[in-house]
Amino acid sequence: MIYGYARISTPAQSIERQIRNIKDFDETAIIFQETYTGTKQERQQWLKLLKKLKQGDTIVFDSVSRMSRNAEDGFREYEQLYNKGINLVFLKERYIDTNTYKNSLNQHIATTGNEIADTYIEATNKVLMILAKQQIKLAFEQAEKEVKDLHTRTSEGMKTAKLNGKQIGRQKGAIITSKKSIEAKKIIEKHSIDFGGSLTDKEVMIMIGKIARNTFYKYKKELKNEL
């Protein structure tokens, strides 16, 4: 089976690019996707995918950072899956796909029968294996560093903006206009007793549909100020 795993860190991000890249690689891939902060909750879809895996299956990631943002955990999971016979494909880091890793480990120099030469060859083979593993670790470490750097730049940018007197985030008391609020205010203005209509607040809320009591009265207050 070919699986794809896509992950975003916040609901505000779009996951479509990752899914599109995975489908471009293999349109039959079964996608597991989720929003995950990396610190506050378990990756439920990732755990669900792990339970489905069988030897010979493949997981496709848009990049190594989608598998793990922690280098230590990422490399440990990589080796565990590799040892179970699971193929891993990283579209932005193809040099650490499990097939590449397997080839690196298997490309050992054959012994010659000469004791001195064989000692040198054995040492060379060990170095090749270490380098192959190190390459994978570096990929995860780089992904982790990029996330930390992004957080640092964001934090520094917010501090700079505050020092320059710029508003960060939503201004206190700001009125947020949405299709829902516009429609609700139209109904309130037309039917509420407070605006010349004939219905009580409870009746107007029933007419609007699903609306929280505090949201209803917030809309009423905003409407009075607008009028």
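Residues numbered from 1 in each chain as written. Predicted model: local features only at pLDDT ≥ 70, side-chain atom pairs only at ≥ 80, totals over all residues. Heavy atoms only, no water.

*Asks:* Explain helix α8 (residues 201-208) to me, using residue names and the numbers behind them.
*Replies:* Residues Asp 201, Val 204 and Met 205 constitute the buried set of α8. Axial view of α8: buried residues confined to an arc of 100°, hence all on one face. Seen from the buried face of α8, the exposed residues on the opposite side, beyond 90 degrees, are Lys 202 and Ile 206. Those residues of α8 hidden inside the fold are in contact with α7 (179-191) and α9 (213-226). Backbone geometry just downstream of α8 places Gly 209 in the positive-phi region, at approximately 105°. (Buried < 20%, exposed > 50% of the residue type's maximum accessible area, 1.4 Å probe, protein only. Helix = DSSP H or I, 4+ residues; strand = E, 2+ residues; numbered from the N terminus. Arc of directions from axis to C-beta. Contact = heavy atoms within 4.5 Å.)

*Asks:* Outline the sheet that holds strand β2 (residues 30-35), supporting the account with residue identities and numerical values.
*Replies:* Read from one edge of the open sheet, four strands run β2-β1-β3-β4, paired in parallel fashion. On the outer flanks of this sheet lie β2 and β4 (87-90), each paired with one strand and no other. For this sheet the average axis-to-axis angle between neighbouring strands, irrespective of direction, equals 20°. Here strand β3 (residues 58-61) runs beside β4; their pairing, made up of four bridges, is parallel. Opposite Ile 59, over in β4, you have Leu 88 as the bridge partner. Lying on the sheet, helix α1 (residues 16-25) is in contact with β1 (2-8), β2, β3 and β4; it crosses β1 at an angle near 165°. The strands that helix α2 (residues 44-52) touches are β1, β2 and β3; relative to β2, the one it contacts most, it runs at about 150°. (Pairing = 2+ DSSP bridges. Axes fitted to C-alpha atoms, helices over the stretch in contact; angles between N-to-C directions.)

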